[in-house]
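Coordinates in review
Here is what each chain is made of, one letter per residue.
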Amino acid sequence: MPLQLIPLPQAEVLLDSKFLSPEAADALLTELTTTIPWRHEPIKLFGKEVLQPRLTAWHGDPTARYAYSGLALDPQPWTPALQQLRQQVEAAAQTRFNSVLLNLYRHGQDSMGWHADDEPELGMAPVIASVSLGATRRFRLRPRHPEVVVHAPVSLDLPTGSLLLMRGTTQQHWLHAVPKTARPTEPRLNLTFRWVTGQ
Ligand SMILES: O=C(O)CCC(=O)C(=O)O
Ligand SMILES: [Mn+2]
């Protein structure tokens, strides 16, 4: 199925909810969950060190160094499964990626707070390609500058095997988040492919 444009002002967001077949998504979820060296990273929250509410991993070309949320991360090498997915995502997004950030939401209490993918290493108008595997979670988007109301917040359910693209001025004008949910929720694995410029 092709990518569908989600019409939003000052943004370019596209969704293919059936990018991977359920069988392919399931096989990839099992493979990545069991073989990726998952990390549980601390972050500073209001001056206090706490663990992130999810597990993470960072893979990419050796030149794709990145200071993410104040953590300097050297990428782990591409695995065959990640390399293959990168090629599929590059073909769909019609662009190149040199790295991928993986997030494993173990249950409904794992989450991602409001943010934009606006680190300097990503450049002005980054293309972010996000593949979701496992449980469907709600992905929220809201305008970054609430003083000029351009649009109400948006919710997208991202099912297993879906591909979401954010590009153009999306990161300049919008924030996104994956909130906690009280519903019993199986694990969800999300991969965001990025192009980062090394320092
Ligand atoms: O899990 C998601 O869908 C979003 C992940 C995300 O925003 C990020 O890795 O920057
Ligand atoms: Mn993000």
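Look above for the structure.
The residue Glu119 is located in the loop between β9 (112-115) and β10 (128-134) in this model. The class for Glu119 is buried, based on a relative accessible area of 13%. Considering only alpha carbons, one finds Glu119 and Val196, 77 residues apart in sequence, at a separation of 9.2 Å.

Axes are the key here: two packed helices are described by the angle between their axes and the distance separating the axes. Contact pair helix α1 (residues 22-35) / helix α2 (residues 80-93): the axes reach a minimum separation of 10 Å and the direction vectors enclose 135°. By the criterion of interaxial angle, the relationship of α1 to α2 is oblique. Of the two possible hands of crossing, α1 and α2 adopt the one that is left-handed. Facing Leu28, Glu31 and Leu32 of α1, the residues of α2 in contact are Ala81, Leu82 and Leu85. Among the residues making up the contact of α1 with α2, the classes are represented as five nonpolar, no polar and one charged.

All told, the structure shown has nine salt bridges when counted by the stated rule. One salt bridge in this structure joins Arg194 and Asp117, with 3.8 Å as the shortest N-O distance. Residue Arg194 is located in strand β15 (residues 188-194), and its partner Asp117 is located in the loop between β9 and β10; the two are separated by 77 residues in the primary sequence. Note on Arg194: relative accessible area 2%, which makes it buried.

A word on the coordination of the manganese ion (ligand 2). Reference values for coordination geometry: four tetrahedral donors around a metal ideally subtend 109.5 degrees, six octahedral donors ideally subtend 90 or 180 degrees. Distances from the manganese ion (ligand 2) to its protein donors, His115 (NE2), Asp117 (OD) and His176 (NE2), fall within 2.1 to 2.3 Å. Between consecutive donor residues of the manganese ion (ligand 2), the sequence gaps follow H-x1-D-x58-H. Remark: His176 occurs in strand β14 (residues 174-178) and Asp117 occurs in the loop between β9 and β10; sequence separation between them is 59 residues.

As a further point, take the side chain of Thr56. Positionally, Thr56 belongs in strand β5 (residues 55-60). Residue Thr56 is classed as buried on the basis of its relative accessible area of 9%. Once residues lying within four places of it in the same chain are set aside, the contact partners of Thr56 are Pro37, Trp38, Arg39, Glu41, Leu102 and Asn103.

Criteria and cut-off values
- Residues numbered from 1 in each chain as written.
- Chains lettered and ligands numbered in written order.
- Predicted model: local features only at pLDDT ≥ 70, side-chain atom pairs only at ≥ 80, totals over all residues.
- Heavy atoms only, no water.
- Helix = DSSP H or I, 4+ residues; strand = E, 2+ residues; numbered from the N terminus.
- Buried < 20%, exposed > 50% of the residue type's maximum accessible area, 1.4 Å probe, protein only.
- Axes fitted to C-alpha atoms, helices over the stretch in contact; angles between N-to-C directions.
- Parallel < 35°, antiparallel > 145°, perpendicular 65-115°, else oblique.
- Left-handed = near helix turned anticlockwise from the far one by under 90°.
- Contact = heavy atoms within 4.5 Å.
- Nonpolar A, V, L, I, M, F, W, Y, C, P; charged D, E, K, R; others polar.
- Salt bridge = Lys/Arg side-chain N within 4 Å of Asp/Glu carboxyl O.
- Donors = N, O, S within 2.8 Å, 3.2 Å for Na, K, Ca; no water.

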